[in-house]
Amino acid sequence: MYGAYIEGFMEEKDSVVQEMEQYAAQHYVPIMENDAIDAFLGLLTIQQPTAILEIGSAIGYSAIRMAQRLPEASIVTIERDAERFEKAVQFIDAAGCQERIRIIEADALAQEADVVVDKTYDALFIDAAKGQYRRFFDKYSPAIESKGVIYCDNMFMHGMVLQEEQDIPKRKRTMIRKLKEFTHWLMSHPDYETTLLPIGDGLLVAVKK
Ligand code: SAH
Ligand code: MG
């Protein structure tokens, strides 16, 4: 509701970021909305992570925005779609972020992505297939240090979490049910302090104890 109001105060973005936003709109790539990414970057600015792992790079938009905001941070990001991966590589180069963002073309749930967990991170951003959040969490949360933060995007699934089951398209029902189960599970997990923030499409923030 306040998205346009908030955007009215934002600095003009650099040309690569603008180009990415245009590309995403034209090709229906679901990057984070302007006000949502701004709030997310605000949280990261408080946390000051230095090693970030992102699941679901798409065209590299959120990774580049994080790198620009946090000059000390290095980012590892995973994308399984070949076309988006190629586009992300181009944008990361164009933004001059190739030293700080390592992008891996892989299915994050397959063995080929195991290489990323040979080190630890202080932030994990889960923004890939919404029905698989529990599996991403189980695989990657052990790589997050104590006091580290796990952020999950799209917890409201564009309002679908509020709909009655029969009003949700059939092919989306299982995904919505799993997303809600995951929300409930993480909010009551004893090892995390978890908050569901009404930022953008719903941002779940879990701080590891
Ligand atoms: N974080 C990005 C948007 C990501 S959109 C931004 O805000 O800019 C979600 C992406 O996750 C899609 O591009 C999709 O291809 C990817 N994805 C979904 N499941 C995945 C998986 N299992 N492994 C890797 N990438 C996946
Ligand atoms: Mg998202």
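Placed above this text is the structure.
Residues numbered from 1 in each chain as written. Chains lettered and ligands numbered in written order. Predicted model: local features only at pLDDT ≥ 70, side-chain atom pairs only at ≥ 80, totals over all residues. Heavy atoms only, no water.

Engineer: Could you clarify how one ought to interpret helix α2 (residues 15-27) in this entry?
Structural biologist: In this model α2 runs 18 Å from its N-terminal to its C-terminal C-alpha over 13 residues, within 8% of the 18 Å that 1.5 Å per residue would give. Turning to α2, its buried residues are Val 16, Val 17, Met 20, Tyr 23 and Ala 24. Buried residues of α2, seen end-on, are gathered within an arc of 120° and therefore sit on one face of the element. Residues of α2 that are exposed and point more than 90 degrees away from the buried face comprise Ser 15, Ala 25 and Gln 26. Put simply, Asp 14 is the residue that caps the front of α2, since its side-chain oxygen is 3.0 Å from the backbone nitrogen of Val 16. A positive phi of about 55° marks Tyr 28, the residue just after α2. (Helix = DSSP H or I, 4+ residues; strand = E, 2+ residues; numbered from the N terminus. Expected span 1.5 Å × (residues − 1). Buried < 20%, exposed > 50% of the residue type's maximum accessible area, 1.4 Å probe, protein only. Arc of directions from axis to C-beta. Polar contact = N/O pair within 3.5 Å; in protein donor to acceptor, adjacent residues only side chain to side chain.)

Engineer: I would appreciate a short explanation of the site of ligand 1 in the present structure.
Structural biologist: Near ligand 1 lie 21 residues; those nearest to it are Ser 62, Glu 79, Arg 84, Ala 108 and Asp 127. In this structure, a nitrogen atom belonging to ligand 1 sits 2.8 Å away from a main-chain N or O atom of Ala 108. Contributions of two or more residues to the shell around ligand 1 are made by α4 (61-69) and β2 (74-79). Residue composition of the shell around ligand 1, by class: 11 nonpolar, three polar and seven charged. (Near = heavy atom within 4 Å. Nonpolar A, V, L, I, M, F, W, Y, C, P; charged D, E, K, R; others polar.)

Engineer: Is there a simple way to think about the sheet that holds strand β3 (residues 101-105) in this case?
Structural biologist: Strand pairing in a sheet takes place through backbone hydrogen bonds and is either antiparallel or parallel in direction. Reading across from one edge, β3-β2-β1-β4-β5-β7-β6 is the order of the seven strands in this open sheet, with mixed pairing throughout. At either margin of the open sheet sits one strand with a lone partner, and together these are β3 and β6 (192-197). Between one strand axis and the next, the sheet turns through 15° on average, direction left out of account. Against the sheet, helix α5 (residues 82-94) touches β2 and β3, its axis set at about 165° to β3. (Pairing = 2+ DSSP bridges. Axes fitted to C-alpha atoms, helices over the stretch in contact; angles between N-to-C directions. Contact = heavy atoms within 4.5 Å.)

Engineer: Explanation requested: the pattern of salt bridges in the structure shown.
Structural biologist: If the charged atoms of two oppositely charged side chains come close together, the side chains can form a pair. Going through the model one piece at a time under the given rule, you end up with five salt bridges. The shortest N-O distance in the salt bridge between Asp 114 and Lys 139 comes to 2.7 Å. In this pair, Asp 114 is assigned in the loop between β3 and β4 (121-126) and Lys 139 in helix α6 (residues 133-140), connecting sequence segments 25 residues apart. Residue Lys 139 is classed as partly exposed on the basis of its relative accessible area, which comes to 22%. (Salt bridge = Lys/Arg side-chain N within 4 Å of Asp/Glu carboxyl O.)

Engineer: Help me understand a nonpolar patch on the surface, please; the structure alone is not making it clear to me.
Structural biologist: Taken together, the side chains of Met 1, Tyr 2, Tyr 5, Ile 6 and Phe 9 make up a nonpolar region of the molecular surface, amounting to roughly 700 Å² of accessible area. For Tyr 5, the position within the fold is in helix α1 (residues 3-7). With relative accessibility at 56%, the residue Tyr 5 sits in the exposed group. (Patch = residues over 30% accessible without salt bridge, like charges linked within 9 Å, V, L, I, M, F, W, Y side chains within 5 Å. Areas by Shrake-Rupley, 256 points an atom, 1.4 Å probe, with all protein chains shown as cover.)

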